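Tertiary structure, described
The lines below spell out each chain.
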Amino acid sequence: MDKYQIYLLSVDEQIQELSSQGIEYTDINIIKNILLTIGSYNINVYTFSYKSKDKELKYFGDKFDIIDIYRLYNFDCELRNIVIDIATNIEMRFKVYIGNYIGRTYGGNGHRIEENFNDTYTFNRFKSLINKMDKKFNKKDHNPTEYYWNSIDKEFYSNTHNLPVWLVCQQLTLGELSKMYGNLQDKIKESIIKENYNNKDVTKNWKSVKGWLKGVTDMRNICAHNNKLFDWKSTFKNPFALPETKVYAPFKINRDSLFVALVISKLLMNDKYDIKNYDWSIFVNRLEDCIDRYSFDNSDFDPLVYMGFPTNWKDILL
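Below is a short write-up of the structure. (Residues numbered from 1 in each chain as written. Predicted model: local features only at pLDDT ≥ 70, side-chain atom pairs only at ≥ 80, totals over all residues. Heavy atoms only, no water.)

A few points about unusual backbone geometry
- Even without being glycine, N226 reaches a positive phi, approximately 55 degrees.
- On the secondary structure map, N226 appears in the loop between α10 (209-224) and α11 (258-269).
- Given a relative accessible area of 54%, N226 falls into the exposed group. (Helix = DSSP H or I, 4+ residues; strand = E, 2+ residues; numbered from the N terminus. Buried < 20%, exposed > 50% of the residue type's maximum accessible area, 1.4 Å probe, protein only.)

A few points about the nonpolar core
- Grouped together as the largest cluster of nonpolar side chains are 89 residues, with contacts concentrated most on F94 and F283.
- Contacts of F94, omitting those with residues within four sequence positions, involve G99, L177, I193, Y197, V209, L213 and L268. (Core = buried A, V, L, I, M, F, W, Y, C linked by side-chain atoms within 4.5 Å. Contact = heavy atoms within 4.5 Å.)

Concerning α10
- In this model α10 runs 22 Å from its N-terminal to its C-terminal C-alpha over 16 residues, within 8% of the 22 Å that 1.5 Å per residue would give.
- Burial in α10 covers these residues: V209, W212, L213, G215, V216, T217, M219, I222 and C223.
- Where α10 is buried, its residues touch α3 (66-106), α7 (174-183), α8 (186-196), α9 (200-203) and α11.
- Count one or two residues on from α10 and you reach N226, which has phi positive near 55 degrees. (Expected span 1.5 Å × (residues − 1).)

Digging into helix α4 (residues 120-137)
- The first and last C-alpha atoms of α4 sit 25 Å apart over 18 residues, in line with the 26 Å expected at 1.5 Å per residue.
- The complete set of buried residues in α4 reads F123, F126, I130, M133, D134 and F137. Buried residues in α4, looked at end-on, bunch into an arc of 100 degrees, giving them a common side. What points out from α4, more than 90 degrees from its buried face, is the exposed set Y121, R125, K132 and K135.
- Where α4 begins, one side-chain oxygen reaches toward the backbone nitrogen of Y121, 3.4 Å away; that side chain belongs to D119. (Arc of directions from axis to C-beta. Polar contact = N/O pair within 3.5 Å; in protein donor to acceptor, adjacent residues only side chain to side chain.)

What about the packing of aromatic side chains?
- Inspection of the entire model under this criterion finds 19 aromatic pairs.
- Ring plane angle 45 degrees and centroid distance 4.7 Å describe the contact between W280 and F283, whose orientation is recorded as tilted. Note that W280 and F283 are positioned in helix α12 (residues 280-293) at a spacing of 3 residues, about one turn of the helix.
- A residue is classified by how much of its surface remains accessible, and F283, at 0% relative accessible area, is buried.
- By the ring-pair criterion, three or more aromatic residues cluster together here, those being Y46, Y59, F60, F64, Y73, F230, F301 and Y306. (Phe/Tyr/Trp six-rings, centres within 6.5 Å; stacked < 30°, edge-to-face > 60°.)

A word on the packing of α3 against α7
- Closest axis-to-axis distance for the α3/α7 pair is 10 Å, and the angle between their directions is 45 degrees. Classified by the angle their axes make, α3 and α7 are oblique. For the element pair α3 and α7, the recorded crossing hand is left-handed. Residue-level inspection shows A87, E91, F94, K95, I98 and I102 of α3 in contact with α7, the latter providing L174, L177, M180 and Y181.
- Looking at the contact of α3 with α7 residue by residue, the class counts come to 8 nonpolar, no polar and 2 charged. (Axes fitted to C-alpha atoms, helices over the stretch in contact; angles between N-to-C directions. Parallel < 35°, antiparallel > 145°, perpendicular 65-115°, else oblique. Left-handed = near helix turned anticlockwise from the far one by under 90°. Nonpolar A, V, L, I, M, F, W, Y, C, P; charged D, E, K, R; others polar.)

A few points about the pattern of salt bridges
- Counting across every chain of the model gives 13 salt bridges.
- In this structure, the salt-bridge partner of R93 is D271, at a minimum N-O distance of 2.6 Å. Here the residue R93 occupies a position in helix α3, and D271 occupies one in the loop between α11 and α12, the gap between them amounting to 178 residues. In this pair, the class of R93 matches that of D271, namely buried.
- Close ionic contact of E195 with R104 constitutes a salt bridge, the shortest N to O distance being 2.5 Å. In this pair, E195 sits in helix α8 while R104 sits in helix α3, placing the two residues 91 residues apart along the sequence.
- Here R104 falls in the exposed class, since its relative accessible area comes to 53%. (Salt bridge = Lys/Arg side-chain N within 4 Å of Asp/Glu carboxyl O.)

Listed below in structure tokens is the structure:
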């Protein structure tokens, strides 16, 4: 049977089909409850590692217990909950970095100046997006005070009927913000990074931040849409450009791994400001606790391999 037909079967028939795929169980009530709570789709997602159209591998080999799948599913769920906090924090920082710099340097309509951007087609798509945003706010029944604008925001809006760039950035999704940033002229991108970071791994690699921010966007979307995160290669295809420093160069790290995405996140969280709104060590400790609580001692499977974590991962992340 095509395994995708399993979703049309009764629970008992699904159990028989899963058994034919090598999934074992000791208590039929347990496997029924798992099927009824996470569904056959997620069981298949956390059974097979897709490498190509012609080849697929099972994480746990040919025979394994349903509890292994359920444990991996729960591990990935908790992993997403931990990681999305980081992506959200980076998103909020860059909304401020970009909005403040453009507004202060080019004015409240600086995001509407085509010369500030590289690609005309991409700029026009962005302009269409912000025009729709302005149109929404220009509706007669719209009350700007609902958004807690200060006097400067209200005065700018009243005079131009446009949202100023710092408010536009707040309304953009991380994906939209990433595309906007990526299309800015290099001198603007460089200035934004050097204005907000002292860390040489960031300032010397400011050209790489465009790709870093895109990667963080992908990581955030994986988490938000409940896609498989631990097997990063199955969802994210573009390698990161890591700084060539003594900290990272000695390690043979897969540059298209979740671990590298977290290393990049650490760099982007390490801005120059003394007041921090997130304690990175708390994130690392939460991550370690999550890894420790989900063991797979009864099999050769190690999720850290798929995550690209080296043995000294905590030392590197801290």
